Amino acid sequence: MSFLNKVTVEDLDVKGRRVLVRVDFNVPLKDGKVTNDNRIVGAIPTIRYLADHGAKVILCSHLGKPKGPDAAFTMAPVAARLGELMGRPVLFADDDTVVGENARRMVSEMKDGDILVLQNTRFRPEETKNLPEFSKELASLADVYVDDAFGSAHRAHCSTVGVTDYIKETAVGYLMEKEINYLGNAVEQPVRPLVAILGGAKVADKLKVINNLLDKVDTLIIGGGMAYTFLAAKGYEVGTSLLDAEKIDYCKEMMAKAEKNGVKLVLPVDTVTTAEFPNPIDAPIETLVVDSDKIPADRMGMDIGPKTRELYAEAVKDAKTVVWNGPMGVFENPVLAAGTIAVAKALAETDATTIIGGGDSAAAVQQLGFGDKMSHISTGGGASLEYLEGTLLPGIACIRDKVSYEELSLNYPSSKEWLFEEFISKSYGRDLRFYSIRGEAVACMQRRSHGDFRANVALGASVEPYPVTPGIRTIAADIYEQTGLDFLGIDLLFGREKPYFCEINVMPGLEGIEKASGINVAAKVMETIRSDFA
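Everything numeric in this text was worked out from a predicted model, so none of it was measured. (Residues numbered from 1 in each chain as written. Predicted model: local features only at pLDDT ≥ 70, side-chain atom pairs only at ≥ 80, totals over all residues. Heavy atoms only, no water.)

Novice: Go over the sheet that holds strand β13 (residues 288-291) with me, naming the residues and quoting the values.
Specialist: Judged by pairing direction, the sheet is antiparallel, and its three strands sit side by side in the order β13-β12-β14 without closing on themselves. Edge positions in the sheet fall to β13 and β14 (300-304), since each of these pairs with one other strand and no more. When the angles between neighbouring strand axes are averaged without regard to direction, this sheet yields 45°. With four bridges joining them, strand β12 (residues 270-274) and β14 adopt antiparallel strand pairing. By the bridge assignment for β14, valine 272 is matched with aspartate 303. Across the sheet, helix α10 (residues 306-317) touches β12, β13 and β14, and the angle it forms with β14 is around 40°. (Pairing = 2+ DSSP bridges. Helix = DSSP H or I, 4+ residues; strand = E, 2+ residues; numbered from the N terminus. Axes fitted to C-alpha atoms, helices over the stretch in contact; angles between N-to-C directions. Contact = heavy atoms within 4.5 Å.)

Below, the structure is given as structure tokens:
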């Protein structure tokens, strides 16, 4: 079951239209070259789909944290690398104002299937403040907006949120869809047992996540620097380990909540300690393994110990879903990476759906060679963390929801009444499709066979006209009011298990209408539709 209820790129008709795509191309550069192109690769399926379907694809992203136009943060190397990866030309609008004369000219000259990368959105100070001036300028370039930047979805910026105030036809891309489905299903509709592993430095960074997950998981494993505040909450000496003294009472509350909810809360039983933090971070360093309740006063915990590694591996062995956010220790140092490696190896060997929540844990999994063993590695560190907190991310909230007529009918009893009294009573077992242009129903048909409507029509299924009744007109107007979508193909599906179900699709070009033309749709209707799609 999909957790996503957002319009996706496949719901859009994009041929000949300008589509602004917010991607996450915040990639590392060195000497003017991209050194890690994972985020670029992740965006390609959406870009390719749009270009192959005739869209004029306009890409925007931030890169780093420039305070204004800065050649060190230009998107030019990113555009070049995207072209290499896709094996096709990619244009670059080198315009310090992002939406200036050069960018506007290049967009106006684009042909169907062209791909263009705009300059770094953070060259504009309005971007991070979500000011309407820049949002309007971005929106002026496009007819449709697609958000495929999950890594920036927790930020309410012009290019992630503000632009949707001025472009009403919006959707999520494939990468965003994948993120929402994996993370959403993991915490809302998991296959159990559900195990969450939280690591990283500070308890404060994961306050809401811990609280939220204790209402959802079967087992919660704590590692990394944040574990020492939990150990202190148990009364243990933690030496010079990272400690958030202000959060000790909070940790006590969370341990009590876990016990109350029947959640197994697992903490380190032994610890790898050092006399000081390695400097530089990957420098050789001497270690001493001690039990977690016996950390010497002059030493600091830097990784989980061997007994804890076995304990954590055992805890995930029988899991069906595992979510991991945060490393178990200072994994950047090979001497202190054993705990993170052990957890990654345990996840790689389990049959569970394994989801890595971005940030340091994603970097660790990739660097340690376990990336291809995980079900999903999130592209968003902060975004995945906030999503696991149960926070509705602004970059997702602003995208239009898909609407089912089951939901709409709750608000429109007249339409529901018509469904039951007029159609079901007379035509039980048949399905309807009708087309709506800006809320006006223009053509309707019914069929007696079940399955995919268009496929059945193509195979010669029994299809015949059905009158555009007042009830159908009401449904078309209702759905238009709720969605604001100009061109819709609407299927009313009937069966024995469900009295009715409605599927609403943005019409894919003229495909559906041309099928309908075989059943005597009026020439005038066809002329109107063709002119609207021209």
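Novice: Lay out the sheet that holds strand β5 (residues 91-93) with the relevant residues and their values.
Specialist: With parallel pairing, the six strands of this open sheet are ordered in space as β5-β6-β4-β1-β7-β8. In this open sheet, the two edge strands, each paired with only one partner strand, are β5 and β8 (170-172). Each neighbouring strand pair of the sheet contributes to a mean axis angle of 25°, computed without reference to strand direction. Inspection of the sheet shows β5 paired to strand β6 (residues 115-118) by three bridges, in the parallel sense. Bridge pairing links phenylalanine 92 to valine 117 in β6. Contacts between helix α3 (residues 101-108) and the sheet are confined to β1 (18-22), β4 (56-60), β5 and β6, with β5 contributing the most and set at about 150° to the helix.

Novice: So what's going on with the packing of aromatic side chains? Residues and values would help.
Specialist: Overall, the coordinates contain two aromatic pairs when judged by the stated rule. Taking 5.7 Å as the distance between ring centres and 90° as the angle between the ring planes, the aromatic pair formed by tyrosine 49 and tyrosine 174 counts as edge-to-face. With tyrosine 49 in helix α1 (residues 38-52) and tyrosine 174 in helix α6 (residues 174-188), the pair connects residues that are 125 residues apart, well separated along the chain. In this structure tyrosine 49 comes out as buried when scored by relative accessible area, which is 17%. On the accessibility criterion, tyrosine 174 (23% relative accessible area) is partly exposed. (Phe/Tyr/Trp six-rings, centres within 6.5 Å; stacked < 30°, edge-to-face > 60°. Buried < 20%, exposed > 50% of the residue type's maximum accessible area, 1.4 Å probe, protein only.)

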